[in-house]
Each structure stands twice: as structure tokens, then as C-alpha cells.
Amino acid sequence: MIEQLLKSILDGDRAPIVVCDLQSTVVYMNASAILRYKRDLTGQNLKDCHPAEACEKIDRVLNWFSQSHNNNIVYTYRNDTENKDVYMVALRDENGALIGYYEKHEYRNRETAKLYDI
């Protein structure tokens, strides 16, 4: 049941979410991410889609994540055109061991919907 709930949270998010294992293999993309990147990269290595400099940064962040259970989020990119910040976030098991990471997009535009407009 918890897996269904968590998947539903990810699938319902309007922001792109790309989840990777420690080898940077994409294990999950929500619909927003597939739309944003114009393809489903599940099963592929994320580093195959990035230049060498970006791959080095990914490795550097993963190394930092592995150094401490307190190292869990890194600001990685600002996109002024879309008014968003992008982060890498550590994923850990119940014992705190690093098991992967995901890309988190945070849009900074003020919400235009009316409150409780249902």
C-alpha cells in the first residue's frame, strides 16, 4: 500500500521527478519528467544524457552524499527562463545508507489558481 501511495505522490507532482540508483541508472520518471525531456529514460544511464563536466558534478555530489547521513540536498542549477531552481536529493534506506538520488525542480512563480477553487 505504501508503495502505491508514494508512486501516486510522484505521479501527481507537476514538477519533473527523475529517480536514479547509485550507478545513475534512471529507475523512475514521472509523467512531467517524460514530457519535459521528451522521452522516457527509464533503464538508461543519466550520465549518457549529460556532458562530461555535468557527469563529474554528479559524481562529486554522490561522493558528498556518501560522506554523511546529513548531506542530503544540493542546489545544482538555476533556470531563469522557467523561474526554477533544480536540486539533487539523496535517497536513503531505513538505516540511512545511500541508495540513490533524485532531481527536484522547484518553480518560483506565484500560484495563479484561486484558493480552494474546486
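These numbers were taken from a predicted model, which means no experiment stands behind them.

Q: Account for the overall build of the protein chain, naming residues and giving values.
A: Counting its regular elements, the protein chain contains three helices and five strands. Taking the principal axes of the C-alpha coordinates as reference, the protein chain spans close to 45 × 40 × 30 Å. Pairs at least 24 apart in sequence give 30% of the contacts found in the protein chain among residues at least 6 apart. Only carbon and sulfur atoms are counted for the fraction: they give 53% of the accessible area of the protein chain, which is about 8,400 Å².

Q: Give me the side chain of His 105: which residues, what numbers.
A: Looking at the secondary structure, you find His 105 in strand S5 (residues 98–107). Using a relative accessible area of 7% as the deciding quantity, one classes His 105 as buried.

Q: Break down the packing of aromatic side chains for me, with residues and values.
A: Within the structure shown, the criterion is met by two aromatic pairs. For the pair Trp 64 and Phe 65, a centre-to-centre distance of 5.8 Å together with 45 degrees between the ring planes defines the contact as tilted. You can call Phe 65 buried: its relative accessible area is 0%.

Q: Which residues make up the nonpolar core, and what values do they have?
A: With 16 residues, the main nonpolar core has Val 18, Val 26, Leu 46, Phe 65 and Tyr 101 as its most contacted residues. Those elements that provide at least two residues to this core are strand S1 (17–21), strand S2 (26–29), helix H3 (52–67), strand S4 (84–92) and S5. Here this core takes four residues from H3, the largest share from any one element. Ignoring any residue separated from it by four or fewer positions in sequence, one finds Val 18 in contact with Val 26, Tyr 28, Met 29, Ala 33, Tyr 37, Leu 46, Tyr 101, Tyr 102 and Glu 103.

What counts as what
Residues numbered from 1 in each chain as written. Predicted model: local features only at pLDDT ≥ 70, side-chain atom pairs only at ≥ 80, totals over all residues. Heavy atoms only, no water. Helix = DSSP H or I, 4+ residues; strand = E, 2+ residues; numbered from the N terminus. Contact = heavy atoms within 4.5 Å. Areas by Shrake-Rupley, 256 points an atom, 1.4 Å probe, with all protein chains shown as cover. Buried < 20%, exposed > 50% of the residue type's maximum accessible area, 1.4 Å probe, protein only. Phe/Tyr/Trp six-rings, centres within 6.5 Å; stacked < 30°, edge-to-face > 60°. Core = buried A, V, L, I, M, F, W, Y, C linked by side-chain atoms within 4.5 Å.

Interpretation in functional terms is not warranted from these geometric data alone.
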